[in-house]
Amino acid sequence: MKAIVLAGGKGSRLKPYTALIPKPLMPIGEQTIVEILLRQLALYGVNDVTLCTGHQAGLIEAVLGEGSRYGVKLSYRREEQPLGTIGPLRAIAHELPERFLVMNGDILCDLDFAELAKRSAEANAPLTVCVFERATKIDLGVLELDPEGSVTGFREKPTYSFWVSMGIYAMSRETLLRFVPEGVPFGFDQLMHALLAARVPIQTHPFRGHWLDIGRSDDFAEAQDEFERNRPRYLPEPKA
C-alpha cells in the first residue's frame, strides 16, 4: 500500500517553535510527530511512503533517512516552489499506483489506515475524506435576525458541531490526472470545489476516535499529554 505524507509547510501557527524545527519534526514524547505517523502506517500495511517536502527539507530527510527503522520504504519529493496541499501529488502522478492514501505530516490520531483504504477501494471512490465531528463553543450570546434586522431567536453561548476534514484522504490516480493542474499551486479546497462542480461523488470516512492536528500551540501541548497517557492506542503492538 502506498501513502503520500505532506510535510512541506512552514508551520507558521506554531512559531516560535518552528523557527528552527520544521513542523513534522516537532517532538511528541521521545519521537517526532511524523515518526509516529510512519510507524502507524507500517502497522496498517503501508510499505511505501513518499514525503513531499519544502521548508527545511534537508533537515527532515536527514532525520528520517530511507525509512527502514520505521518499517517503510521512504522516498522524497522536494518542492522548489510551494504547490499547496494537492499540487505536489500531480508532479508524481506517473509514479503512483491506481489507489493511494494522502495525509498531512503533523497529525496524531488512532485511525485504522487499512480500513480507510479498504472502504475507499470497495466503493471505487474518486476521493474519500476522513472527517471528524468537532464541537465549537461560542462564548457570546448569538442572535438570529430576519431580513429586516429584527431578532427572531436567541441562544446564550451555544455549542455548534461541524464535520471537519482531518487532513487524511484516500484517492485515485485518475482524480489527480483529471482535476489537478500540473506545475501550479493547488489546494485541497480547490480540489473539493472542482469535484463538486463536476458532480463527482465524494465519499467520507467518519472517524470517532482521537484526532489532533498539532498546527496550533494548544493542540501541540494537548497532543504531548495525550500521547504519554495513551501510548498503546497510537503505537499498538504489531498483530501476530
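Looking up the protein chain in an unreviewed UniProt entry gives the name Nucleotidyltransferase family protein, with the organism given as Polyangium jinanense.

J.: Can you help me understand the pattern of salt bridges in this one?
T.: Opposite charge on two side chains makes pairing possible when the charged atoms of those side chains draw close. Scanning the entire structure with this criterion turns up twelve salt bridges. Arg233 is paired through a salt bridge with Asp110; the nearest N and O atoms lie 3.9 Å apart. Here Arg233 is found in helix H8 (residues 231-234), whereas its partner Asp110 is found in the loop between strand S7 (107-109) and helix H4 (113-122), with 123 residues between them in sequence. Residue classification places Arg233 among the partly exposed residues on the basis of a relative accessible area of 38%. Judged by its relative accessible area of 23%, Asp110 is partly exposed. The partner of Lys118 in a salt bridge is Glu122, with the nearest N and O atoms 2.9 Å apart. Highlighted residues: Lys118 and Glu122, both in helix H4, separated by four residues, approximately one helical turn. The class for Lys118 is partly exposed, based on a relative accessible area of 44%. Taken together, the shared-partner salt bridges in this structure form one network comprising Asp110, Glu226, Arg229 and Arg233.

J.: I would appreciate a short explanation of the nonpolar core in the present structure.
T.: Burial of nonpolar side chains together is a common tendency in soluble globular proteins. Core analysis: the largest hydrophobic core is formed by 31 residues, its most contacted members being Leu41, Val49, Leu101, Met103, Phe113 and Ile168. For this core, the element with the highest residue contribution is helix H1 (residues 33-43), accounting for four residues. Those residues in contact with Phe113 that sit more than four places away from it in its chain are Leu37, Gln40, Leu41, Tyr44, Leu101, Met103 and Ile168.

J.: Where do I start with the environment of Val180 in this structure?
T.: Along the chain, Val180 turns up in the loop between helix H5 (173-179) and helix H6 (188-197). Looking at Val180, the relative accessible area reads 4%, which means it is buried. A sequence separation of 56 residues divides Val180 from Asn124, and the C-alpha atoms of the two residues are 19 Å apart. Ignoring any residue separated from it by four or fewer positions in sequence, one finds Val180 in contact with Ile86, Gly87, Arg90, Thr175, Phe186 and Leu191.

J.: Would you explain the sheet that holds strand S6 (residues 99-104) in this entry?
T.: Each strand in a sheet pairs with its neighbour through backbone hydrogen bonds, running either in the same direction (parallel) or in the opposite one (antiparallel). Spatial strand order, S5-S4-S1-S6-S11-S8-S12: seven strands in an open sheet with mixed pairing. Looking at strand neighbours, the two that pair on one side only are strand S5 (73-78) and strand S12 (203-207), the edges of this open sheet. Averaged over all pairs of adjacent strands, the angle between their axes in this sheet comes to 30°, without regard to strand direction. Here strand S4 (residues 48-53) runs beside S5; their pairing, made up of six bridges, is parallel. Its bridge partner lying in S5, Leu51 is registered against Tyr76. Of the strands in this sheet, strand S1 (2-7), S4 and S5 touch helix H2 (residues 57-64), which is tilted by about 175° from S5. In the packing of H4 onto the sheet, contacts are made with S6, strand S8 (127-137), strand S11 (159-172) and S12, and the angle to S12 comes to roughly 155°.

What counts and what doesn't
- Residues numbered from 1 in each chain as written.
- Predicted model: local features only at pLDDT ≥ 70, side-chain atom pairs only at ≥ 80, totals over all residues.
- Heavy atoms only, no water.
- Salt bridge = Lys/Arg side-chain N within 4 Å of Asp/Glu carboxyl O.
- Helix = DSSP H or I, 4+ residues; strand = E, 2+ residues; numbered from the N terminus.
- Buried < 20%, exposed > 50% of the residue type's maximum accessible area, 1.4 Å probe, protein only.
- Core = buried A, V, L, I, M, F, W, Y, C linked by side-chain atoms within 4.5 Å.
- Contact = heavy atoms within 4.5 Å.
- Pairing = 2+ DSSP bridges.
- Axes fitted to C-alpha atoms, helices over the stretch in contact; angles between N-to-C directions.

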